[in-house]
Amino acid sequence: MPIPTTVPDDDARMGQALEAAATSRRRVAPRPWVGAVVVPAGEPDHPGFVGATDGRTGPHAEVVALAAAGEAARGGTLYVTLEPCSHHGLTPPCADAVVEAGLARVVIALTDPDPQVAGRGIDRLREAGIEVHVGVGAEAAGEQLAPYLHHRRTGRPYVVMKLAATLDGRTAAPDGTSQWITGPDARLDAHRLRADSDAVLVGAGTVRVDDPALTVRLPDGERGPDDTEPLRVVLGRAPAGAAVHPCLELDGDLPAILDELGGKGVLQLLVEGGAGVAHAFHRAALVDRYVVYFAPALFGGDDARGLFAGPGAPTIDELWRGRIVSLRRLGDDLRVDLEGS
């Protein structure tokens, strides 16, 4: 839906496009979730004609917005979070549709690293005499589209590792009990993280001990009819009758596993554990973002189980250091998002 605004600047309009893109996140992958806004010429206070990528086979955001605008697009400005495509795929080239609509100006947050696009859409627009600006809202769009961009650049999923611990970094008591370290708000947020992911991965040991279903459980109204469950992936073999079935069971080299999942169109992989799997991904430097939920609780000793099972950095010089990119309170708990520096 349009964001009511009387601020006729590029940043505000790109904000509209980003909000539109967010609505399609869970129903378009492996396509990118893109938002677009058309503003008619001479009408800076117009609410804008808004579009988002329409499912896994429907029109792209630009075409949706242009269809809503009709003749009002002629001479106007298009704001879009990702470069319009220039090739025939599931749909005709969006760059051609933009040219045919008679737009005078196009503002783009990011170029598309997909080899089939990679600047060709921008070139097509400029060759048609359209004024093109690139980079408005790039940081926010890059954050929003991080899994897609990473996948197109590397062929692998964007790996998010989810961890939950007490403030002293412990995940389970010495006897193995660990359920519900965090509160309901944090657990709900973790399910939203699952819903945003194309696959969820755990080790066979976690399946044997906890028997997780790895399904998305959200309140009524938070899931759309086109939202799908993430692919469930187990490292090793899941016991017959485990709740995780049907699942994909994989063995071997972690980079090769990521290559395989990337080839299946997995843009974001959520690694949920256990501690041995977390250690393996961390030590192999295969994690793109860490999401750590901290509960206001303390085990108060050194015998409780930690976040990782395995040898850590042998010296202070080899300590992993990153940067905090997000910090949020969720009820009584705290969510910290980290990336490598």
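Residues numbered from 1 in each chain as written. Predicted model: local features only at pLDDT ≥ 70, side-chain atom pairs only at ≥ 80, totals over all residues. Heavy atoms only, no water.

### Focus on the overall build of the chain
Here is step 1: Counting its secondary structure elements, the chain contains ten helices and 15 strands.
Here is step 2: Taken over the C-alpha trace, the chain has a radius of gyration of 22 Å; the compact-globule value for 341 residues is 20 Å, and the two agree within 12%.
Here is step 3: With the principal axes as the frame, the chain shows a C-alpha extent of 70 × 45 × 40 Å.
Here is step 4: A total of 341 residues make up the chain; the buried ones form 48% of that total.
Here is step 5: Here the analysis covers contacts within the chain between residues at least 6 apart in sequence; of these, 73% occur between residues at least 24 apart. (Helix = DSSP H or I, 4+ residues; strand = E, 2+ residues; numbered from the N terminus. Rg over C-alpha atoms; globule rule 2.2 N^0.38 Å. Buried < 20%, exposed > 50% of the residue type's maximum accessible area, 1.4 Å probe, protein only. Contact = heavy atoms within 4.5 Å.)

### Considering the packing of helix 3 (residues 94-101) against helix 4 (residues 120-127)
Here is step 1: Viewed as axis vectors pointing N to C, helix 3 and helix 4 meet at an angle of 20°, and their least axial separation amounts to 9 Å. In terms of axis orientation, helix 3 runs roughly parallel to helix 4. Pair helix 3 / helix 4 crosses with right-handed handedness. Between helix 3 and helix 4, the contacting residues are Ala95, Asp96, Val98 and Val99 on the first element and Gly121, Arg124 and Leu125 on the second.
Here is step 2: Of the residues contributing to the contact of helix 3 with helix 4, the split by class is four nonpolar, one polar and two charged. (Axes fitted to C-alpha atoms, helices over the stretch in contact; angles between N-to-C directions. Parallel < 35°, antiparallel > 145°, perpendicular 65-115°, else oblique. Left-handed = near helix turned anticlockwise from the far one by under 90°. Nonpolar A, V, L, I, M, F, W, Y, C, P; charged D, E, K, R; others polar.)

### Regarding the sheet that holds strand 3 (residues 77-82)
Here is step 1: The strand order across the open sheet built from five strands is 2-1-3-4-5, with neighbouring strands paired in mixed fashion. Of all the strands in the sheet, just strand 2 (49-52) and strand 5 (131-134) have a single pairing partner and so form its edges. Averaged over all pairs of adjacent strands, the angle between their axes in this sheet comes to 15°, without regard to strand direction.
Here is step 2: Inspection of the sheet shows strand 1 (residues 35-39) paired to strand 3 by four bridges, in the antiparallel sense. For Val39, the partnering residue across the bridge sits in strand 3 and is Thr77.
Here is step 3: Strands strand 4 (105-110) and strand 5 of the sheet are contacted by helix 4, whose axis makes an angle of about 150° with strand 5. (Pairing = 2+ DSSP bridges.)

### A few points about the pattern of salt bridges
Here is step 1: Applying the stated criterion across every chain yields a total of 19 salt bridges.
Here is step 2: Note that Arg289 is salt-bridged to Glu143, the shortest N-O span being 2.9 Å. Remark: Glu143 occurs in helix 5 (residues 138-144) and Arg289 occurs in strand 12 (residues 289-295); sequence separation between them is 146 residues.
Here is step 3: Judged by its relative accessible area of 44%, Glu143 is partly exposed. (Salt bridge = Lys/Arg side-chain N within 4 Å of Asp/Glu carboxyl O.)

Nothing here speaks to function; it is all geometry.
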